[in-house]
Amino acid sequence: MFVKAINSVIKKEIGNIAVCDDIVFAPGLPKTRSGKIMRRILRSIAKGEAITQDISTLEDPSVVKKIEEKVLSV
């Protein structure tokens, strides 16, 4: 239901080329204490690669494991 709605907005604003195949609703984002989102970690999870970056600087390091579990269940 949400996927169709999100994809319709993407089609309208960006175009058909940018439509998403899979969408995962995450419980949070891996943010540093200063509030920056660690996109490298998200990219590694999306590619199915092991996380080699240091996650000790994250505000909540447990969110990485939660996101990995959600992605694997899709």
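Relevant structure appears above.
Residues numbered from 1 in each chain as written. Predicted model: local features only at pLDDT ≥ 70, side-chain atom pairs only at ≥ 80, totals over all residues. Heavy atoms only, no water.

Focus on the overall build of the protein
In plain terms, the rule: A run of DSSP states H or I qualifies as a helix once it reaches four residues; a run of E qualifies as a strand once it reaches two. Both are numbered from the N-terminal end. We compute the radius of gyration over the C-alpha atoms and compare it with the globule rule, which gives 2.2 Å times the number of residues raised to the power 0.38. Only protein chains enter the accessibility calculation, which uses a 1.4 Å probe; a residue whose area is less than 20% of its type maximum is buried, one above 50% is exposed, and one in between is partly exposed. We call two residues contacting when some pair of their heavy atoms lies within 4.5 Å. Every accessible area reported is derived by Shrake-Rupley at a probe size of 1.4 Å, with residue values counting cover from the shown protein chains alone. His is not counted, nor are the chain ends, whereas Lys and Arg count as positive and Asp and Glu as negative. Every charge is mapped to an atom, namely NZ of Lys, CZ of Arg, CG of Asp or CD of Glu.
A count of helical and extended segments in the protein gives three helices and zero strands. The C-alpha radius of gyration computed for the protein amounts to 14 Å, which surpasses the reference 11 Å derived for 74 residues by more than 25%, pointing to a less compact arrangement than a globule. The principal-axis extents of the C-alpha atoms in the protein amount to approximately 40 × 25 × 20 Å. Residue burial in the protein is summarised as follows: out of 74 residues, 18% are buried. Long-range pairs, those at least 24 residues apart, make up 40% of the contacts in the protein with a sequence separation of at least 6. For the protein, the accessible surface area stands at approximately 5,800 Å², while carbon and sulfur atoms represent 55% of it. Each charge sign in the protein was given a centre, from 13 positive and 9 negative side chains, and these centres are 5 Å apart.

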